[in-house]
Amino acid sequence: AIRAVRLMRFFTGMRAILEALHRSMQLIADVLAFLLFFIVVYALVGNTNFAGSLQRRCYVEGTDLISFPEVFCSDKTYKGLQCPSNQECRFGSNPNYGFSSFDDIGHSALLIQVSTSGEGWSRFMYSLMDSEYSVSAIYFVSLVFVVSLMVINLFVAVVVGTFS
């Protein structure tokens, strides 16, 4: 680690970048607090509206076999997707070994963080649209727009603004 720090004397560009990062630490901390605020707000909204929604799946009647392909369903007739005639909607475990859920704030925040990375958020959106109302798409689209596009770009703007 010490050798890497000594090498910084020879690379003036790297030194300038590290100095800019050091100067912008307070602004970066403010942006990270802003990001944490949005993650907590979206986690609370998700926990309030979607707790237990990713546990409901269509099972083949009379067995413990989950339908193939996996179909999320609603236990109410007035919302979500209903199972086909030879299947029934039952509670099971959450996807991804129980990590992908809105059942508590911790798992909600984890799912929000995964969704803001831009990887796999549409799968969760469609699963919630099947098990809840289609309005849940607004939740995910606003999440991706607000947190991914605006707050993350604000972080980049702080670093670039301090560097110049």
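This one's a predicted model, so the numbers in the text were calculated from it and none came from an experiment.

Caption draft 1: Quick peek at the overall build of the protein. A tally of helices and strands in the protein yields 6 helices and 2 strands. Along its sequence from the N terminus, the protein presents helices and strands in the succession α-α-α-β-β-α-α-α. Since a compact globule built from 164 residues should have a radius of gyration of about 15 Å, the 22 Å found for the protein marks it as more spread out than a globular shape. Along the first, second and third principal axes, the C-alpha set of the protein runs to 70 × 30 × 20 Å. The burial tally for the protein puts 34% of its 164 residues in the buried class. The contacts of the protein with a sequence gap of at least 6 include a subset with a gap of at least 24, amounting to 67%. A total of about 10200 Å² of accessible surface is found on the protein, and carbon and sulfur atoms cover 67% of it. A gap of 17 Å separates the mean positions of the 11 positive and 12 negative side-chain charges of the protein.

Caption draft 2: Examining the nonpolar core more closely. Residues Y42, F102, I112, Y139, F140 and V147 are the most contacted members of the largest nonpolar core, which totals 21 residues. When residues of this core are assigned to their parent elements, the largest contribution, 7 residues, is made by helix α6 (residues 136–163). In contact with Y139, other than residues within four places in its own chain, are Y42, A43, V45, G46, F50, F102 and I112.

Thresholds applied
Numbering of residues begins from 1 in every chain and follows the order in which that chain's sequence is written. For this predicted model, a pLDDT threshold of at least 70 governs which residues receive local features, and a threshold of 80 or more governs which side-chain atom pairs are given and counted, while totals over whole chains, interfaces and linings are taken from all residues. Computation of side-chain values: all heavy atoms of the structure, hydrogens and water removed. Starting at the N terminus, helices and strands are each numbered in turn, a helix being any DSSP run of H or I of at least four residues and a strand any DSSP run of E of at least two. Based on C-alpha atoms, the radius of gyration is set beside the globule rule, defined as 2.2 Å times the residue count to the power 0.38. Residue exposure (1.4 Å probe, protein chains only): buried if accessible area is under 20% of the type maximum, exposed if over 50%, otherwise partly exposed. Any two residues having at least one pair of non-hydrogen atoms within 4.5 Å are treated as being in contact. Values of accessible area rely on a 1.4 Å probe in the Shrake-Rupley scheme; residue burial ignores everything except the protein chains shown. Working convention for charge: Lys and Arg count positive, Asp and Glu count negative, and His plus the chain ends are omitted. A single reference atom marks each charge: NZ on Lys, CZ on Arg, CG on Asp, CD on Glu. Definition used in this section: a nonpolar core is a set of buried Ala, Val, Leu, Ile, Met, Phe, Trp, Tyr and Cys residues joined via side-chain atoms within 4.5 Å.

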